[in-house]
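# Examination of the molecular architecture
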Amino acid sequence: MRCSIAKGVLVLAAVGTCLAGRAQAQNREAAWEVYPYLGDTMFGSAAVVPDIPGQGDNVQISLNDKLSFGFRFGYHFTKRHMIEYGVGGSATNGTATITDVTVPAPPALPTVVVKSTDFKADIITGQANYIYNFFLRRRDRVVGFLTAGIGIVNFSTFGQSSDPDLQTALTDLVGDENDFMFDYGAGLRFFGSGKSGLRLDARQVRYHSHSRGDQDFIEVTLGVTVILGGT
């Protein structure tokens, strides 16, 4: 799936570059920008959750990469400086894996038991970002940008297991929490007219989960950006 998205991004970016041939200046002072998007959310390394009662010290949580969607809108104070707000989300699946090591008295050998169960997870983010724009082609037809911001990530998990040990782990992990997040990234706009174009955006999001420790994911998005008003 990720390969298909990458191919789509390249094709649309090429189309945007071709369409940009007759475009006028796009990033205008006092203009609003609207950006609905689809993307791919790629979650970071699996989290190891310690000290779950009755489960030893090793419960590993991993999340599957998944399609994301969202909406962002921003205000251009100048052609180069803007503030942007956004909401987005992704629904994915996860796996909780318990590794239980039993060390008996010698001469018996240690035993290792590995169990796993699946659960579902919904992620919703709300954020505010500063964006710095820079211009890569004459008449502002291709506009790059750097961005960084803060926000809130809501992480909701759902799941159950018939295995008592796994259910104990899920009871501690499944639930709903809100965490402070920060993000940073970069992107490109390819304008085909004075009011609209294609936008490609990549950001890394970092946050600290109460149940899973430090977490991160990368979100790559693609959509149509629309410029409203301005001087």
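Scope of this entry: the structure provided in the associated data block.

Cut-offs applied
Residues numbered from 1 in each chain as written. Predicted model: local features only at pLDDT ≥ 70, side-chain atom pairs only at ≥ 80, totals over all residues. Heavy atoms only, no water. Buried < 20%, exposed > 50% of the residue type's maximum accessible area, 1.4 Å probe, protein only. Helix = DSSP H or I, 4+ residues; strand = E, 2+ residues; numbered from the N terminus. Pairing = 2+ DSSP bridges. Salt bridge = Lys/Arg side-chain N within 4 Å of Asp/Glu carboxyl O. 1 Å grid on protein atoms, 1.4 Å probe; cavity = no way out; pocket = protein on both sides within 12 Å on 5 of 7 lines; lining within 4 Å. Points joined across faces, edges and corners; volume = space filled by probe spheres on them. Nonpolar A, V, L, I, M, F, W, Y, C, P; charged D, E, K, R; others polar.

## What about the pairing of strand S7 (residues 142-158)?
On a regular strand, one side chain projects to one face of the sheet and the next to the other, so that they alternate. The element S7 is largely enclosed, with a buried count of twelve among its 17 residues. Taken together, the 16 bridges between strand S6 (residues 111-135) and S7 define a ladder with antiparallel strand orientation. Within the sheet, the bridge partner assigned to Asn-129 lies in S7 and is Gly-149. Here 15 bridges tie S7 to strand S8 (residues 176-191), and the two strands are oriented antiparallel to one another. Looking across to S8, one finds that Gly-144 is bridged to Leu-188.

## Description of the environment of Ala-169
With respect to the helices and strands, Ala-169 occurs in helix H2 (residues 164-173). Sequence separation between Ala-169 and Ala-96 is 73 residues; the distance between their C-alpha atoms is 8.0 Å.

## A word on the pattern of salt bridges
Summed over the entire model, instances satisfying the criterion amount to ten salt bridges. Between Arg-189 and Glu-33 there is a salt bridge whose closest N-O contact spans 2.9 Å. Placement of Arg-189 in strand S8 and of Glu-33 in strand S1 (residues 31-43) is noted, with a sequence separation of 156 residues between them. Both residues of the pair, Arg-189 and Glu-33, count as buried. Close ionic contact of Asp-201 with Arg-72 constitutes a salt bridge, the shortest N to O distance being 3.1 Å. Of this pair, Asp-201 sits in strand S9 (residues 196-209) while Arg-72 sits in strand S4 (residues 66-76), placing them 129 residues apart in sequence. The residues Asp-201 and Arg-72 share a single accessibility class, namely buried. Bridged by salt links that share partners, the residues Glu-33, Arg-72, Glu-84, Asp-183, Arg-189, Arg-199, Asp-201, Arg-203 and Glu-219 form one connected network.

## A short note on empty space enclosed by the protein
Counting across every chain of the model gives two cavities of 30 Å³ or more. Approximately 100 Å³ is the volume attributed to the largest cavity. Around the largest cavity sit 13 residues that line it, and Thr-41, Gly-89, Thr-125, Phe-217 and Glu-219 are the ones nearest its centre. Contributing elements (two or more residues each) for the lining of the largest cavity: S4, strand S5 (81-102), S6, S9 and strand S10 (213-229). By residue class, the composition of the lining of the largest cavity is three nonpolar, seven polar and three charged. What the second largest cavity holds in volume is close to 50 Å³. Lining of the second largest cavity is provided by Ile-61, Phe-119, Thr-157, Leu-170, Leu-173, Val-174, Ser-211 and Arg-212. When the residues that make up the lining of the second largest cavity are grouped by side-chain class, the tally is five nonpolar, two polar and one charged.

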